[in-house]
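Spelled out, the chains give:
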Amino acid sequence: MYKLQQRINRLIIKLSYRLGITYLWSKPKMISLDPTNHCDLKCPLCPTGLRDRTVERGSIKLEQFKSIINKLGKNLQSVNLYSWGEPLLHKSLVDMIRHSAKTHNIRTITSVHLGNLSSEQVEGIVTSGLDKLIVSIDGVTQEIYEIYRVGGDIENVFNNMRRLVESKKRHNSNLSIVWNFLVMKQNEHQLESAREMAKKIGVEITFSVMRTNLKNDILEKTSDNIERDKQWVPENPDFNPYDLEKKIQKNPITFCKRPWMETFINWNGDVFPCGCVVTEKQYSYGNVFEKDFEDIWNGEKYIAARKELLGQTNNVKTVCHTCKENGYDTRPPMASK
């Protein structure tokens, strides 16, 4: 029954943005939810790592999480349990995964730095129904890894990954463990070594394009961000998203569909159009613990954001306006009639 409803919801989503509809009868097909925005590392391009004090720190309660999934689950195809913190620091992470993946049969993904992993978590994650575990490791030696993952211990991370692989084999689990390597100037010479290491451990590996400071990347001009953070930009053009001479993005989005397709909910219930933006309350579209989600989904800010991305006239400025102004969406305004 859920699958039929998901297909219908998906069809309505597609028709809505193609027809320029901003008040939606559909619901998000994907949700990103941050279990906690605490992290013990100090990554220099991450607001959490930089200990940004403009956001409130905390963790969602298990019952709060369950209430969100119970409300939205019948339309959801995917739940991403990660964003600005280290999910494994949340004591109820495994229970949240089980509720999403097993109780509601939703594809569930989380992303961790894997520096902290108890024996209970090893068994819990492997048997929880989790579909994909992304592990962020940006190097193959401690010297390179700790340039970005400040405070991390790479051998501890590798050992924890091996523990998961061994448990996965023991339980005959279908869990996909994926090593994600964020490519930067400081580590781009270790790509081949990382491929060999991943094969040896028995996990998949992906190589991701870096971004400048993850807060300012959205909120400020691309040219300013490149100038400030150019020391991190890799020389390999496959992983460099910027034209350093023109100081612009190489391939900006031509039309962002996220406000039709997905939503992001912070640990404290604040709702945002995507997981790309920082979670300062001033950018929130509403709070799911204070207001019904449907009222937020079709509230003033969400509608204004959709109008902005469609190029329609609107008078309410949102973070989607700021994102578009700073080069992330290049759709021009619609011609006036």
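It should be noted that the structure appears before, not after, this text.
Scoring rules and cut-offs
Residues numbered from 1 in each chain as written. Predicted model: local features only at pLDDT ≥ 70, side-chain atom pairs only at ≥ 80, totals over all residues. Heavy atoms only, no water. Axes fitted to C-alpha atoms, helices over the stretch in contact; angles between N-to-C directions. Helix = DSSP H or I, 4+ residues; strand = E, 2+ residues; numbered from the N terminus. Parallel < 35°, antiparallel > 145°, perpendicular 65-115°, else oblique. Contact = heavy atoms within 4.5 Å. Nonpolar A, V, L, I, M, F, W, Y, C, P; charged D, E, K, R; others polar. Buried < 20%, exposed > 50% of the residue type's maximum accessible area, 1.4 Å probe, protein only. Pairing = 2+ DSSP bridges. Salt bridge = Lys/Arg side-chain N within 4 Å of Asp/Glu carboxyl O. Core = buried A, V, L, I, M, F, W, Y, C linked by side-chain atoms within 4.5 Å. Right-handed = clockwise from strand over helix to strand, strands pointing away. Phe/Tyr/Trp six-rings, centres within 6.5 Å; stacked < 30°, edge-to-face > 60°. Arc of directions from axis to C-beta. Left-handed = near helix turned anticlockwise from the far one by under 90°.

Draft legend 1. Looking closely at the packing of helix H3 (residues 93–103) against helix H4 (residues 119–127). Taken N-terminus to C-terminus, the directions of H3 and H4 make an angle of 10°; their axes are 9 Å apart at the nearest point. As far as their axial angle goes, H4 and H3 are roughly parallel. In this structure, H3 uses Val-94, Arg-98 and Lys-102 to contact H4, whose residues at the interface are Gly-124, Ile-125 and Thr-127. The residue inventory of the contact of H3 with H4, partitioned by class, reads 2 nonpolar, 2 polar and 2 charged.

Draft legend 2. Broad picture of the pairing of strand S9 (residues 262–265). The side-chain alternation of S9 yields two buried faces, one formed by Glu-262 and Phe-264 and the other by Thr-263 and Ile-265. Bridge count between S9 and strand S10 (residues 270–272): 2 bridges; the pairing is antiparallel. Its bridge partner being in S10, Phe-264 is matched across the sheet by Phe-272. Here S9 folds back onto S10 in antiparallel fashion, the turn holding 4 residues, of which Gly-269 has a positive phi close to 95°.

Draft legend 3. The environment of Arg-53, seen in detail. Tracing the backbone shows Arg-53 in the loop between strand S1 (30–33) and helix H2 (62–72). Spatially, the C-alpha atoms of Arg-53 and Ile-253 are 30 Å apart, while their sequence positions differ by 200 residues.

Draft legend 4. Region of the structure containing the pattern of salt bridges. Going through the model one piece at a time under the given rule, you end up with 18 salt bridges. Salt-bridge contacts for Asp-138 lead to Arg-149; the nearest nitrogen and oxygen are separated by 2.5 Å. Taken together, the positions of Asp-138 in the loop between strand S4 (132–136) and helix H5 (142–148) and Arg-149 in the loop between H5 and helix H6 (154–171) put the pair 11 residues apart, joining distant regions of the chain. Take Asp-138 and Arg-149: they sit in the same class, and that class is buried. Between Arg-228 and Asp-229 there is a salt bridge whose closest N-O contact spans 2.9 Å. With a relative accessible area of 6%, Asp-229 lands in the buried category. Via salt bridges that share partners, Asp-52, Lys-215 and Glu-280 belong to a single interconnected network.

Draft legend 5. Structural context of the nonpolar core. Residues Leu-114, Val-135, Ile-137, Met-161, Leu-164 and Trp-179 are the most contacted members of the largest nonpolar core, which totals 91 residues. Looking at this core, the element that brings in the most residues is H6, giving 6 residues. Setting aside chain neighbours within four positions, we find Leu-114 in contact with Glu-86, Leu-88, Val-135, Val-157, Asn-160, Met-161 and Leu-164.

Draft legend 6. How the structure looks around the pairing of S1. Taken together, the 3 bridges between S1 and strand S2 (residues 78–80) define a ladder with parallel strand orientation. When the sheet's bridge partners are listed, Ser-32 is paired in S2 with Asn-80. Once the chain exits S1 it traverses H2 before rejoining the sheet at S2, and the crossover so formed is right-handed. Sheet analysis places S1 next to S9, joined by 4 bridges and oriented parallel. For Ser-32, the partnering residue across the bridge sits in S9 and is Phe-264.

Draft legend 7. Seen up close, the packing of aromatic side chains. According to the stated counting rule, one finds 12 aromatic pairs in the structure shown. Arranged with centres 5.8 Å apart and planes meeting at 80°, the rings of Tyr-148 and Trp-232 form a pair that is edge-to-face. Separated by 84 residues along the polypeptide, Tyr-148 in helix H5 and Trp-232 in the loop between helix H9 (222–229) and strand S7 (242–243) bring together distant segments of the chain. Owing to a relative accessible area of 9%, Trp-232 belongs among the buried residues under this scheme. Feature note: the residues Tyr-285, Phe-293, Trp-297 and Tyr-302 constitute an aromatic cluster, connected by ring pairs.

Draft legend 8. Quick look at H9. If you check which residues of H9 are buried, you get Thr-222, Asn-225, Ile-226 and Asp-229. Relative to the axis of H9, the buried residues are bounded by an arc of 100° and lie together on one face. Buried residues along H9 sit against helix H8 (216–219), S7 and strand S8 (248–249).

Draft legend 9. Looking closely at the packing of H4 against H6. Following both chains from N to C, one finds H4 and H6 inclined at 50°, their axes separated by 9 Å at the closest point. Of the possible angle classes, the one that applies to H4 and H6 is oblique. Handedness of the crossing formed by H4 with H6: right-handed. Residue-level inspection shows Ser-119, Val-122, Glu-123, Ile-125, Val-126 and Thr-127 of H4 in contact with H6, the latter providing Arg-163, Leu-164, Ser-167, Lys-168, Arg-170 and His-171. By residue class, the composition of the contact of H4 with H6 is 4 nonpolar, 4 polar and 4 charged.

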